2 protein chains.
Amino acid sequence: MVRQPAINARNRAPLSTERIIETALQIVDGQGLGRLTMRRLGDALEVEAMAIYHHLPRGKEQLLDGLVAHVAAAPVSPGARGGGAGDALRGWARGYRARLLEHAGVLPLVVTRRNPAALTETVASLREALRLGGAAEDAAAVTAHTLLGYVIGHAALEVRGTAEDGADRAVDWDARFDAGLDVILGGAR
Amino acid sequence: MVRQPAINARNRAPLSTERIIETALQIVDGQGLGRLTMRRLGDALEVEAMAIYHHLPRGKEQLLDGLVAHVAAAPVSPGARGGGAGDALRGWARGYRARLLEHAGVLPLVVTRRNPAALTETVASLREALRLGGAAEDAAAVTAHTLLGYVIGHAALEVRGTAEDGADRAVDWDARFDAGLDVILGGAR
DNA sequence: ACCTGAACACCGTTCAAGT
DNA sequence: ACCTGAACACCGTTCAAGT
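Remember, predicted model here, so these are calculated numbers, not experimental data. Here the residue index of a chain counts from 1 through its sequence in written order. Going through the entries in the order they are written, you letter the chains from A and number the ligands from 1. Only residues with pLDDT of 70 or above have their local features reported here, since the model is predicted, and side-chain atom pairs are shown and tallied only from 80 upward, although totals for entire chains, interfaces and linings are computed over all residues. Hydrogens and waters are ignored; side-chain quantities use all the structure's heavy atoms.

What to know about the protein's contact with DNA strand D
Lining the immediate environment of DNA strand D, one finds 18 residues, of which E48 and H55 of chain A together with R39, Y53 and K60 of chain B sit closest. Interatomic distance of 2.8 Å between a side-chain N/O atom of H55 of chain A and a phosphate oxygen of DNA strand D. Here a polar contact is recorded for every N or O atom pair within 3.5 Å, except that within protein the pair must consist of a potential hydrogen donor and a potential acceptor, and residues adjacent in sequence are included only if both atoms are side-chain atoms. Residue R40 of chain B places a side-chain N or O atom 3.0 Å away from a phosphate oxygen belonging to DNA strand D. When contributions to the surface near DNA strand D are tallied by element, the ones reaching two or more residues are α3 (52-55) of chain A together with α2 (38-44) of chain B. Ranked by residue count, the leading element in the surface near DNA strand D is α2 of chain B, at three residues. Here the term charged refers only to Asp, Glu, Lys and Arg, the term nonpolar to Ala, Val, Leu, Ile, Met, Phe, Trp, Tyr, Cys and Pro, and the term polar to all other amino acids, Gly among them. Tallied by class, the residues present in the surface near DNA strand D amount to eight nonpolar, four polar and six charged. Note on definitions. A residue lies near a molecule or strand when any single heavy atom of the residue is within 4 Å of it. To qualify as a helix, a DSSP run of H or I must reach at least 4 residues; to qualify as a strand, a run of E must reach at least 2; elements of each kind are numbered from the N terminus.

Listed below in structure tokens is the structure:
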């Protein structure tokens, strides 16, 4: 019988921070943030809950920070090449919105976990895209923040299912989002 | 000895939904959402925690819904009269932002509690302001949503303390917010 | 009608112990 | 080094009981 070095005695993959975060994300996406529990997460990892603390010494705080970093900080695919700066920004905004909606359960964490570093890369990439499009540094900073605020706020309105008025007339959120982009980016291409 | 009808045998004001919500808001503002506990809320109200369920049968869910309604749904003072539609909207946006930041602890709830009704009045008042300013109905709907999304998203970025770049150069959030308003409202007065 | 007390099933986290 | 088991101090909520 040959030993598999990466598999431990009980024949399962060893724990790792990455595997913990990904499993936690599955729980949040599938069952909601409220059901993300150290004990339940341990079950999903086929491990006692206390084992998690060996990889995340700061416990649940660190776990939640990890979730935010995983969905909000990762770079957004630049989208279609070849258009002007306006198209590039539209592509960025659509991609970031899609990511936030894919993991709607972590949105409350993205919104309020005090973790300035998490969005630094995001803002930086946005400003870079703007500078490449020829915008001045000051204008780029303002536009980047305005756009990011809009994308996050719009995603929040969507997951809330904000009612339009008394009637429950359905809202076309995709169209709404694009229309808002036009307002902010001034219809420029 | 004369009986005070509104005061019970132990000489304290009787519980009411309003008093419960307000006390809960004080705890959230002062100590953060994580420390809002039925037991702690009971202490603050000088009552056993279980008494709260008599007024809020749905328990903590209903309590959190009440907090959202209290900070997000109440009308915003219209601000200075006499300017054009642009000034009215700027006043509305500044007022709403101030309210959200005053109760930053409930922002995660505003963002993601599934409670479409809570923001209906808010959106309606916004669209009314726009129509009075002479905007067409369609354009008003788009602008209202764009503006509301921006205000909420910007407030979220602020309470997160989103870092600008590697250096921790301080951000003038007031100026940023106004600059974003100019982008969205097109500098129109 | 309004509040209490005890109880239940769950939390996050610590700490000593196992391998 | 990595994981377990038992324990502690908390949760939200139910339910019968008090006044």
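Right, picking up where we left off after that structure.
Looking at the confidence of the model for chain A
Predicted coordinates in regions of low pLDDT should not be interpreted in detail. Confidence of the predictor in every single residue is expressed as pLDDT, which spans 0 to 100. Taken as a whole, chain A shows an average pLDDT of 85; of its residues, 84% reach a score of 70 or greater. Only heavy atoms matter for contacts: two residues are in contact if any of them lie within 4.5 Å across the pair. Per-residue pLDDT stays below 50 along residues 1-10 of chain A; that stretch engages in four contacts with residues further than four places along the chain or on separate chains.

Digging into the protein's contact with DNA strand C
Around DNA strand C there are 18 residues in total, and R39, Y53 and K60 of chain A together with E48 and H55 of chain B lie nearest to it. Among atoms of DNA strand C positioned within 4 Å of the protein, sugar and phosphate together represent 53%. Between DNA strand C and M38 of chain A there is a distance of 2.9 Å, counted from a phosphate oxygen to a backbone nitrogen or oxygen. For DNA strand C, a phosphate oxygen lies 2.7 Å from a polar atom in the side chain of Y53 of chain A. Listed by contribution, the elements that provide at least two residues to the surface near DNA strand C are α2 (38-44) of chain A together with α3 (52-55) of chain B. If you tally residues by element for the surface near DNA strand C, the top one is α2 of chain A, at three residues.

Looking at the packing of aromatic side chains
Each pair of aromatic rings is reported with the distance of its centres and the angle of its planes. Paired rings are identified among Phe, Tyr and Trp, the last through its six-membered ring, by centres lying within 6.5 Å, and are further divided according to the angle between planes into stacked (under 30 degrees), edge-to-face (over 60) and tilted (the rest). The tally for this structure, following the rule as stated, stands at four aromatic pairs over all chains. Ring centres of W92 of chain B and Y96 of chain B lie 5.0 Å apart, and the angle between their planes is 15 degrees; on these two criteria the pair is classed as stacked. Here Y96 of chain B and W92 of chain B lie together in helix α5 (residues 85-102), a separation of four residues that amounts to about one turn. With respect to class, W92 of chain B is no different from Y96 of chain B; both count as buried. The criterion for a charge sitting over a ring is simple: Lys NZ or Arg CZ within 6 Å of the ring centre, and within 35 degrees of the ring normal. For R97 of chain A, the ring lying beneath its charged end belongs to F177 of chain A, and the centroid distance is 4.8 Å. Remark: exposure states derive from per-residue accessible area (1.4 Å probe, protein chains only) relative to the maximum for the residue type, with buried under 20%, exposed over 50%, and partly exposed in between.

As for the interface of chain B and chain A
Counting residues at the interface gives 40 residues for chain B and 40 residues for chain A. Note on terms: buried area is the combined drop in 1.4 Å-probe accessible area of two parts once they are placed together, counting the loss on both. Each partner contributes to the roughly 3,500 Å² buried at the junction of chain B and chain A, and carbon and sulfur atoms together form 64% of this total. Think of a salt bridge as a Lys or Arg side-chain nitrogen and an Asp or Glu carboxyl oxygen that are within 4 Å of each other. Scanning the region where chain B abuts chain A turns up zero salt bridges. Run the count over chain B and chain A and you get four residue pairs in polar contact (both at pLDDT 80 or more). Only α6 (107-112), α7 (120-132), α8 (137-160) and α9 (173-185) of chain B provide two or more residues apiece to the side of chain B that touches chain A. The dominant element in the side of chain B that touches chain A, judged by the number of residues it contributes, is α8 of chain B, at 14 residues. Across the side of chain B that touches chain A, the residue classes tally to 22 nonpolar, 11 polar and seven charged.

Considerations on the packing of helix α5 (residues 85-102) of chain A against helix α9 (residues 173-185) of chain A
Residues and elements named next belong to chain A. Comment: axis = line fitted to C-alpha atoms, over the contacting stretch for helices; angle = value between 0 and 180 degrees taken between N-to-C directions. Two elements in contact, α5 and α9, have axes whose closest approach is 11 Å; the angle formed by their N-to-C orientations is 140 degrees. In this view, α5 runs oblique relative to α9, as classed from their interaxial angle. Considering only the axes of α5 and α9, their crossing is right-handed. Across the interface between the two elements, G86, L89, R90, A93, R94 and R97 of α5 pack against W173, D174, F177, D178, L181, D182 and L185 of α9. Any angle that is under 35 degrees is reported as roughly parallel, and any over 145 degrees as roughly antiparallel; angles of 65 to 115 degrees are reported as roughly perpendicular and all others as oblique. The handedness criterion is simple: a crossing whose near helix is rotated anticlockwise from the far helix by less than a right angle is left-handed, and one whose near helix is rotated clockwise is right-handed.

Concerning the relation of the copies chain B and chain A
Alignment of copies: least-squares fit on C-alpha atoms of residues with pLDDT of at least 70 in both copies. When chain B is fitted to chain A, the best match, at an RMSD of 0.0 Å, comes from turning it 180 degrees and sliding it 0.0 Å along the axis. Seen this way, the second copy is the image of the first under a two-fold rotation axis. Both copies contact each other with a shared surface, as 100% of the interface residues of chain B are interface residues in chain A too.

Structural notes on the side chain of T112 of chain B
Along the chain, T112 of chain B turns up in helix α6. For T112 of chain B, the side chain forms a polar contact with the main-chain oxygen of P108 of chain B, separated by 2.8 Å. Among all residues touching T112 of chain B, those that are not within four sequence positions of it are L107, P108, V159 and R160 of chain A.

Observations concerning the packing of α5 of chain A against helix α8 (residues 137-160) of chain A
All names here are of chain A. Two numbers describe how α5 lies on α8: the axes approach to 10 Å, and their chain directions differ by 35 degrees. α8 is crossed by α5, and the crossing has right-handed handedness. The residues of α8 that touch α5, namely those facing L89, W92, A93, Y96, R97, L100 and L101, are L147, L148, V151, I152, H154, A155, E158 and V159. Classifying every residue of the contact of α5 with α8 gives 12 nonpolar, one polar and two charged.

Topic: the layout of surface pockets
For the largest pocket, the calculated volume is near 1,300 Å³. Both cavities and pockets are sets of points on a 1 Å grid over the protein atoms alone; in a cavity a 1.4 Å probe fits but cannot get out, in a pocket the set is open with protein on both sides within 12 Å along at least five of seven lines, and lining residues sit with an atom within 4 Å of a point. Lining the largest pocket are 33 residues, with L33, P108 and L109 of chain A together with L33 and P108 of chain B sitting closest to its centre. Listed by contribution, the elements that provide at least two residues to the lining of the largest pocket are α4 (60-73) and α6 (107-112) of chain A together with α4 (60-73) and α6 of chain B. Ranked by residue count, the leading element in the lining of the largest pocket is α4 of chain A, at four residues. Among the residues forming the lining of the largest pocket, the class breakdown is 15 nonpolar, nine polar and nine charged. Grid points are joined across faces, edges and corners, and a volume is the space filled by probe spheres set on the points.

Quick word on α8 of chain B
Residues and elements named next belong to chain B. For a helix, the expected span equals 1.5 Å multiplied by the residue count minus one. An ideal rise of 1.5 Å per residue puts 34 Å on 24 residues; α8 measures up with 35 Å between its terminal C-alpha atoms. With respect to burial, α8 is a largely interior element, 21 of its 24 residues being buried. Where α8 ends, the next residue or the one after it, G161, has phi of about 70 degrees, a positive value.

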